[in-house]
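Below, each chain spelled out in residue letters.
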Amino acid sequence: MLDITKDIQSLTTFRRRSGDFMKQLRKSKRPVVLTVKGKAAAVVQDAQAYQRLLDIAARADVYEGIRQGLEEARQAKGRDIEEFFAEFEAAHGISG
């Protein structure tokens with residue numbers, strides 16, 4: 001969760017105290033929002049926390065793909081496997 005008293009800082013402050021911010025990022029695992037002229041411009045995050053976020057997003061994408069596939073199957077939007085392979089083999093010059 002974002003702590004607005006600690007996790008939103010100006011880019012200038014970040015540049016001046018980057019070492020302190022790196023320690024904070026490693027310890028808190030929370031991202032820091034950097035502002036320019038009072039508006040959010042970038043987010044800085046610990047590499048390990050970012051990797052965890054990427055892993056979560058990848059899993060969510062897989063689950064969404066499965067959900068969509070199941071929904072299409074329920075709606076009978078699928079194709080016959082023999083028809084698919086025949087088209088695939090023809091398109092790629094594969095003799096079956």
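Above this text sits the structure in question.
All of the points below concern the structure found in this document. What you see is a predicted model; the values in this text were computed from it and never measured.

Here we come to the side chain of Thr 35. Here Thr 35 shows up in strand 2 (residues 32-36). Once residues within four sequence positions are removed from consideration, Thr 35 is found in contact with Ile 8, Gln 9, Ser 10, Leu 11, Ala 40 and Ala 41.

On to the pairing of strand 3 (residues 39-44), then. Both strand 2 and strand 3 contribute to a ladder of 5 bridges, which runs antiparallel. Note on strand 3: the bridge partner recorded for Val 36 is Lys 39. As consecutive antiparallel partners, strand 2 and strand 3 are separated by 2 residues, and within that stretch Lys 37 has a phi angle of approximately 55°, a positive value.

Within the structure shown, the criterion is met by 6 salt bridges. Of the charged contacts, one joins Lys 29 and Asp 46 as a salt bridge, the two residues approaching to 3.3 Å between their closest N and O atoms. Here Asp 46 lies in the loop between strand 3 and helix 3 (47-74) and Lys 29 lies in the loop between helix 2 (18-28) and strand 2, a separation of 17 residues in the sequence.

Reading across the sheet, the 3 strands line up as 1-2-3 and stay open at both edges, with mixed pairing between neighbours. Every other strand in the sheet has two partners, leaving strand 1 (8-10) and strand 3 as the edge strands with one partner each. When the angles between neighbouring strand axes are averaged without regard to direction, this sheet yields 35°. Note that strand 1 and strand 2 share 3 bridges and pair parallel. Of the residues in strand 2, the one forming a bridge with Gln 9 is Leu 34.

Conventions used here
- Residues numbered from 1 in each chain as written.
- Predicted model: local features only at pLDDT ≥ 70, side-chain atom pairs only at ≥ 80, totals over all residues.
- Heavy atoms only, no water.
- Helix = DSSP H or I, 4+ residues; strand = E, 2+ residues; numbered from the N terminus.
- Contact = heavy atoms within 4.5 Å.
- Pairing = 2+ DSSP bridges.
- Salt bridge = Lys/Arg side-chain N within 4 Å of Asp/Glu carboxyl O.
- Axes fitted to C-alpha atoms, helices over the stretch in contact; angles between N-to-C directions.

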